[in-house]
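# Observations on chain architecture
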Amino acid sequence: MSFHQAPKADLERGVSTLGGRRLVFHCHHYNVFLQRTIEDALQERAPGLLVAAGMEAARAMLQGLEAEAASASPAEALRRAADTFAAQGFGRLDVGLLGAGGGEVTVAPSHYAVGWVSRWGKRPTPACFFVAGFLGGVVAAAYRLAPERITSRECTCVAAGDERCSFRVEVW
Amino acid sequence: MAIDERVIVEAVSGMSLAGNEEGLIPAFGLYLTNHYADFYNRISFGVLGALVRENPELTEDAIALLTEAAHVCAFHTFGGIMVSVEWDALVQPMIDSREDWVRGMVAVVNALGWGRFRVAELVPGERLVATVSDSYEASGYLESYPRADGPRCFLANGGMAGLMNLVYQGDITRRPSLTEELYREVFGHPRSFRSRERLCAAKGDSHCEFIVERMQG
Ligand SMILES: [Zn+2]
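Bear in mind that the values here come from a model prediction, so they are computed numbers and not experimental data. (Residues numbered from 1 in each chain as written. Chains lettered and ligands numbered in written order. Predicted model: local features only at pLDDT ≥ 70, side-chain atom pairs only at ≥ 80, totals over all residues. Heavy atoms only, no water.)

Glancing now at the interface of chain A and chain B. Listed as interface residues are 49 residues of chain A and, on the opposing side, 56 residues of chain B. Of the roughly 4,800 Å² buried at the junction of chain A and chain B (both faces included), carbon and sulfur atoms supply 60%. Taken as a group, Arg22(A), Phe25(A) and His26(A) account for 17% of the area that chain A buries against chain B, more than any other trio of residues on that side. Inspection of the region where chain A meets chain B yields eight salt bridges. Salt-bridge contacts for Arg42(B) lead to Glu56(A); the nearest nitrogen and oxygen are separated by 2.6 Å. At the junction of chain A and chain B, the tally comes to 32 residue pairs in polar contact (both at pLDDT 80 or more). A total of ten residues in the side of chain A that touches chain B trace back to one element, the largest contributor, which is helix 1 (residues 28-42) of chain A. Along the lines of polarity and charge, the residues of the side of chain A that touches chain B split into 28 nonpolar, 13 polar and eight charged. (Contact = heavy atoms within 4.5 Å. Buried area = accessible area lost by both parts, 1.4 Å probe. Salt bridge = Lys/Arg side-chain N within 4 Å of Asp/Glu carboxyl O. Polar contact = N/O pair within 3.5 Å; in protein donor to acceptor, adjacent residues only side chain to side chain. Helix = DSSP H or I, 4+ residues; strand = E, 2+ residues; numbered from the N terminus. Nonpolar A, V, L, I, M, F, W, Y, C, P; charged D, E, K, R; others polar.)

Before going further, it helps to spend a moment on the coordination of the zinc ion. Ligation of the zinc ion by protein atoms is provided by Cys153(B) (SG), Glu197(B) (OE), Cys200(B) (SG) and Cys208(B) (SG), these donors lying 2.0 to 2.3 Å from the ion. The site at the zinc ion holds four donor atoms, and with the angles between them running 99 to 116 degrees, its shape is tetrahedral. (Donors = N, O, S within 2.8 Å, 3.2 Å for Na, K, Ca; no water. Tetrahedral: all angles 85-135°; square planar, octahedral: opposite > 155°, others 65-115°.)

This part covers the nonpolar core. Most often, soluble globular proteins have nonpolar side chains that are buried together. Formed by 135 residues in total, the largest nonpolar core has its most connected members in Leu93(A), Phe134(A), Met82(B) and Trp114(B). The biggest single contributor to this core is helix 3 (residues 59-82) of chain B, with twelve residues. Other than its neighbours up to four places away in sequence, Met82(B) contacts Trp87(B), Trp101(B), Met105(B), Leu163(B), Leu166(B), Val167(B), Ile172(B) and Arg175(B). (Core = buried A, V, L, I, M, F, W, Y, C linked by side-chain atoms within 4.5 Å. Buried < 20%, exposed > 50% of the residue type's maximum accessible area, 1.4 Å probe, protein only.)

Residues and elements named next belong to chain B. Burial runs high along strand 4 (residues 127-133): five of the seven residues are buried. Alignment of strand 3 (residues 116-123) against strand 4, held across seven bridges, turns out to be antiparallel. Note that in strand 4 the partner of Val123 across the bridge is Arg127. Adjacent in sequence and paired antiparallel, strand 3 and strand 4 are bridged by three residues, among which Gly125 carries a positive phi angle near 75 degrees. In this sheet, strand 6 (residues 208-214) lies alongside strand 4 in antiparallel orientation, the contact comprising six bridges. Looking at strand 6, one finds that Arg127 is bridged to Glu213. (Pairing = 2+ DSSP bridges.)

Turning to the sheet that holds strand 4 of chain B, a few remarks are in order. All names here are of chain B. Ordered in space as 3-4-6-5, the four strands form an open sheet in which the pairing is antiparallel. Strand pairing shows two members of the sheet lacking a second neighbour, strand 3 and strand 5 (193-199), which therefore form its edges. Neighbour-to-neighbour, the strand axes of the sheet open up by a mean angle of 20 degrees, direction not taken into account. The strands touched by helix 7 (residues 154-169) within the sheet are strand 3, strand 4, strand 5 and strand 6, with strand 5 carrying the most contacts at an inclination of about 145 degrees. (Axes fitted to C-alpha atoms, helices over the stretch in contact; angles between N-to-C directions.)

Turning to unusual backbone geometry, a few remarks are in order. The amide bond that connects Ala108(A) to the next residue, Pro109(A), takes the cis arrangement and shows omega of -10 degrees. Along the chain, the position of Pro109(A) falls in strand 5 (residues 102-110). In this structure, Gln43(A) is a non-glycine residue whose phi angle is positive, near 50 degrees. Here Gln43(A) is to be found in the loop between helix 1 and helix 2 (46-68). Despite not being glycine, Arg175(B) has its phi angle at roughly 55 degrees, a positive value. Mapping Arg175(B) onto the fold places it in the loop between helix 7 and helix 8 (180-187).

Residues and elements named next belong to chain A. Tallying each qualifying case throughout the model produces zero disulfides over all chains. Cys157 forms no disulfide, and the closest cysteine sulfur to it belongs to Cys128, at a distance of 3.9 Å. Looking at Cys157, the relative accessible area reads 0%, which means it is buried. (Disulfide = S-S within 2.5 Å.)

Geometry only, nothing functional implied.
As structure tokens, this is what we get:
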């Protein structure tokens, strides 16, 4: 059973929304090129912006979905987020170990890692900042937590030569 | 037969571009994502704001970085779409002229959620004027920042230049391989196209408008 909900499309206006937030199609070339532009420009400050933006986007969308039709439980909200993430082309999340206190999450494959490697090959550090942010937003929305209580980072990444992309979400 | 935008928009929207078993969307020779406008806007306007605050005279350079990302996007996304089997099946039969490649691609763009694009003027090989309503960049900007003192649709702006470069500079109708080499050749040409966003909803205009012309190299 999939908990994914299809976006609402207004073809006349060229507008597509999910949970009241706009969705736009873009390809991996743009995704990883824009990320690299930002990493080059902001250096060590880039991850902060990229993760926070991912978290904001995911939380706003999921809170919108919850307002339209509340999940029966936090576990169902997590499933809904994972199914949405896969439907959007970001990869397959395993959120089975995620709970109210955070936890480990794996993504296999991850769009950002696949895209980065296909364009530029390996890099020395993890690449999936958006995903780290997304997962923080998911935990905030599913457990109705203040986002300031959550940190999320990628521990291993296929783009950095690891076997898989894994993330640690912590709730403080 | 002319380009029928409604048919194209409905067909592309009906392709249900959604993740496969792996949660990826391979289409048009690319991996697509149905991503968050909120994310693109925050990282684009965030990096611009940071660079400009630190060094106001770098504003043009910072915008040039985001425009370059848009050129790369257009080259691969629009280029990938225009050499795809999906294009052959859906759009190619409606094409009568080279200008229809521009109109056909604008119709496809209108199925991507970027807002509604319209071709206001197209001078073959020389000039495109395109308008956009509900630009996700301008809408997102206005939602989070005070009214802008200049245009903010960096992706759409570079995208329109990229489209003209693909059709009239890179001759996408001959289906070239979309290599880095071709990208540099096309966008580095002294007479290649660049776009200027003359009107933008982010600075208070009713819609956004892009003027695409060749550089005077
Ligand atoms: Zn604009």
